[in-house]
Amino acid sequence: SIVTGAGPQSNWTMLAALTAVRYGLEPHIISYGQARQPSGNLLLHQRLGVSVQFTGEPDKASVDAAIASTADRLRATGRHPYVIPRGGATPLGALGYVRASLELAWQLDEIGVEPAQVWLATGSCGTQAGLVAGHALADIVDVYIDDGANPISSVLADEGTDWLIPHYGGWG
């Protein structure tokens, strides 16, 4: 089984659940907030036969504790759950977006388009960490992240590349 979580309409949890079901694993999906009428990804979870456990707390971080307690409960029954952090945000996941930024740069170069901006939704910031690290390593597309109060791009670039370079070295 897998245990992961994110927001109520998370694309991440939907894809994680779908992949788990496809490969015969039991998905345990955690979401912050209160249970609500299924729509969007929650409706897709329901149609897939996957239940979503709600933390009852509005804080996104409540998912982390619920993931840990769900995994502990499964282990207590002799199971061996694969735990994936909230939003699927891991260094390896961010590395996928470093590679995606390199692929984006190559594709834009192939069609002769000069990149200007990349717009994306945010959740756990794994996507942004990878894109910022890709920019810091190869000066591909300028990524600026603003949480409404504090720009955080430079922090992600510094921390992301500090971790990625020693662990993954080259990109070829």
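Refer to the structure printed above.
Keep in mind the model is a prediction, meaning the values are calculated, not measured.

With respect to the nonpolar core
1) Next: Counting residues in each nonpolar core, the largest one holds seven residues, listed as Val-3, Ile-30, Tyr-32, Val-63, Ala-66, Ile-67 and Leu-74.
2) Next: Among the elements that line this core, the one with the most residues is helix H3 (residues 62-76), at four residues.

A closer look at the pairing of strand S2 (residues 27-31)
Moving residue by residue along a regular strand, the side chains alternate between the two faces of the sheet.
1) Next: Most of S2 sits out of view: five of its five residues are buried.
2) Next: Judged by which residues are buried, S2 turns out to be covered on both faces: Pro-27, Ile-29 and Ser-31 on one side and His-28 and Ile-30 on the other are all buried.
3) Next: Sheet topology places strand S1 (residues 2-6) next to S2; five bridges connect them, and they run parallel. Across the sheet, the residue bridging to Val-3 is His-28, located in S2.
4) Next: For the segment spanning S1, helix H1 (residues 11-22) and S2, crossover handedness is right-handed.
5) Next: Bridging between S2 and strand S3 (residues 52-54) involves three bridges; their strand directions are parallel. The partner of Ser-31 across the bridge, within S3, is Phe-54.

Describing the sheet that holds strand S4 (residues 82-83)
1) Next: Ordered by their spatial adjacency, four strands build an open sheet running S3-S2-S1-S4, and the pairing between neighbours is parallel. Where the open sheet ends on each side, the last strands, each with one partner, are S3 and S4.
2) Next: Its contacts with the sheet put H3 on S1, S2, S3 and S4, and the angle it makes with S1 is roughly 165°.

Brief notes about the side chain of His-28
1) Next: Within the secondary structure layout, His-28 lies in strand S2.
2) Next: Using a relative accessible area of 14% as the deciding quantity, one classes His-28 as buried.
3) Next: At 3.4 Å, the side chain of His-28 forms a polar contact with the side chain of Glu-26.
4) Next: With residues up to four places along the chain from it excluded, the contact list for His-28 reads Ser-1, Ile-2, Val-3, Thr-4, Thr-70, Leu-74 and Arg-79.

Describing the packing of aromatic side chains
1) Next: This model, assessed by the stated rule, comprises zero aromatic pairs.
2) Next: The ring of Tyr-23 carries the charged tip of Arg-22 above its face, separated from the ring centre by 4.9 Å.

Here we look at the pattern of salt bridges
1) Next: One pass over the structure, following the stated rule, counts three salt bridges.
2) Next: Salt-bridge contacts for Arg-86 lead to Asp-64; the nearest nitrogen and oxygen are separated by 2.9 Å. Here Asp-64 lies in helix H3 and Arg-86 lies in the loop between S4 and helix H4 (91-111), a separation of 22 residues in the sequence.
3) Next: Assessed through its relative accessible area of 34%, Asp-64 is described here as partly exposed.

Side note on the side chain of Ser-31
1) Next: Counting through the fold element by element, Ser-31 comes out in strand S2.
2) Next: When its relative accessible area of 2% is taken as the criterion, Ser-31 is described as buried.
3) Next: Reaching out from Ser-31, the side chain makes a polar contact with the backbone oxygen of Ala-6 at a distance of 3.4 Å.
4) Next: Excluding residues that lie within four positions of it along the chain, Ser-31 makes contacts with Ala-6, Gly-7, Pro-8, Val-52, Gln-53, Phe-54, Thr-55 and Val-63.

Things to note about the packing of H1 against helix H2 (residues 40-48)
If you want to describe how two helices pack, look at the angle between their axes and the distance between the axes.
1) Next: Their axes nearest at 9 Å, the elements H1 and H2 cross at an angle of 15°. When the axis of H1 is compared with that of H2, the two are roughly parallel. The two elements H1 and H2 meet at a crossing, and its hand is left-handed. Seen from H1, the contacting residues are Asn-11, Thr-13, Met-14, Ala-17, Leu-18 and Val-21; seen from H2, they are Asn-41, Leu-44, His-45 and Leu-48.
2) Next: The residue makeup of the contact of H1 with H2, split by class, is six nonpolar, four polar and no charged.

Rules behind the numbers
- Residues numbered from 1 in each chain as written.
- Predicted model: local features only at pLDDT ≥ 70, side-chain atom pairs only at ≥ 80, totals over all residues.
- Heavy atoms only, no water.
- Core = buried A, V, L, I, M, F, W, Y, C linked by side-chain atoms within 4.5 Å.
- Buried < 20%, exposed > 50% of the residue type's maximum accessible area, 1.4 Å probe, protein only.
- Helix = DSSP H or I, 4+ residues; strand = E, 2+ residues; numbered from the N terminus.
- Pairing = 2+ DSSP bridges.
- Right-handed = clockwise from strand over helix to strand, strands pointing away.
- Contact = heavy atoms within 4.5 Å.
- Axes fitted to C-alpha atoms, helices over the stretch in contact; angles between N-to-C directions.
- Polar contact = N/O pair within 3.5 Å; in protein donor to acceptor, adjacent residues only side chain to side chain.
- Phe/Tyr/Trp six-rings, centres within 6.5 Å; stacked < 30°, edge-to-face > 60°.
- Lys NZ or Arg CZ within 6 Å of the ring centre and 35° of its normal.
- Salt bridge = Lys/Arg side-chain N within 4 Å of Asp/Glu carboxyl O.
- Parallel < 35°, antiparallel > 145°, perpendicular 65-115°, else oblique.
- Left-handed = near helix turned anticlockwise from the far one by under 90°.
- Nonpolar A, V, L, I, M, F, W, Y, C, P; charged D, E, K, R; others polar.

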